[in-house]
Amino acid sequence: MAGQAWGGGLPVVIFGAKLKPDGTPTRTLRLRVAAAHAFGVRRGAVVYVPTGGPSSPSGQREADIMAGMLRTSSVPSDAIMVEDTAPDTLASVIRCTGLLRRRGYAGPVAVASSAYHLPRCLVLMRMMGWRVLRVPPPAAPAAQRWGRRWFWRLREGAALPWDALLLAWHRLHAGRDGD
């Protein structure tokens, strides 16, 4: 597939969120998919790229669960390109970059996640050379309790520079395409 002309619409990378132990989607994951889907409906001609590997004892993969949710929302299978191997945000950025570039895509990429997580996703995708479009995050907060909201914000504050450093290291040693 390398070098083939891209035949799809705007890629909308949907970053995963941990599944419940039984493999069902959490509220956070459902909200992310709903926000990405709403963006795609408004935008038209998109290819959804749900990303995320197994994150529950059930062995279910976040990306597969999101793809199923999109199909339930009447998204045709040919408008979904699953990346189901990445265990975390940084790996999702690297693997989605490789997936899109191998298919000949070089245009902008839309990025969907929760409000607290979106800045890290946008920075990392830009570091991989993408022009990024921000998908409006879900209006509802990812966590309902105040303490949990601050926990996630503080975690992201530490994760962003760490992942940026790791991604810079990766690009020096593995090349720009993420392979």
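Up top is the structure these notes are about.
Below is a short write-up of the structure. (Residues numbered from 1 in each chain as written. Predicted model: local features only at pLDDT ≥ 70, side-chain atom pairs only at ≥ 80, totals over all residues. Heavy atoms only, no water.)

Description of the overall build of the protein chain
- Within the protein chain, the regular secondary structure consists of five helices and four strands.
- Listed N to C, the secondary structure of the protein chain is β-α-β-α-α-β-α-β-α in terms of helices and strands.
- A compact globule built from 179 residues should have a C-alpha radius of gyration of about 16 Å, and the protein chain, at 15 Å, falls within 12% of that.
- With the principal axes as the frame, the protein chain shows a C-alpha extent of 45 × 40 × 30 Å. (Helix = DSSP H or I, 4+ residues; strand = E, 2+ residues; numbered from the N terminus. Rg over C-alpha atoms; globule rule 2.2 N^0.38 Å.)

Considering the pairing of strand β3 (residues 109-112)
- Neither face of β3 is exposed, since Val109 and Val111 on one face and Ala110 and Ala112 on the opposite face are all buried.
- Bridge count between strand β1 (residues 10-15) and β3: three bridges; the pairing is parallel. Bridge pairing links Val12 to Ala110 in β3.
- As paired elements, β3 and strand β4 (residues 132-134) share three bridges and run parallel to each other. (Buried < 20%, exposed > 50% of the residue type's maximum accessible area, 1.4 Å probe, protein only. Pairing = 2+ DSSP bridges.)

Some points on the environment of Tyr48
- When you line up the elements, Tyr48 lands in strand β2 (residues 46-51).
- Accessibility expressed as a relative area gives 3% for Tyr48, which makes it buried.
- Considering only alpha carbons, one finds Tyr48 and Val109, 61 residues apart in sequence, at a separation of 10 Å.
- Those residues in contact with Tyr48, other than ones at most four positions away along the chain, are Val12, Ile14, Ala36, His37, Gly40, Val41, Leu70, Val75, Ala79, Ile80 and Met81.
- A distance of 3.4 Å separates a polar atom in the side chain of Tyr48 from the backbone oxygen of His37. (Contact = heavy atoms within 4.5 Å. Polar contact = N/O pair within 3.5 Å; in protein donor to acceptor, adjacent residues only side chain to side chain.)

Brief notes about the packing of helix α1 (residues 27-43) against helix α2 (residues 62-72)
- At a minimum axis distance of 10 Å, the contact between α1 and α2 shows a crossing angle of 50°. Classified by the interaxial angle, the pair formed by α1 and α2 is oblique. Pair α1 / α2 crosses with right-handed handedness. Across the interface between the two elements, Leu29, Arg30, Val33 and His37 of α1 pack against Ile65, Met66, Met69 and Leu70 of α2. (Axes fitted to C-alpha atoms, helices over the stretch in contact; angles between N-to-C directions. Parallel < 35°, antiparallel > 145°, perpendicular 65-115°, else oblique. Left-handed = near helix turned anticlockwise from the far one by under 90°.)

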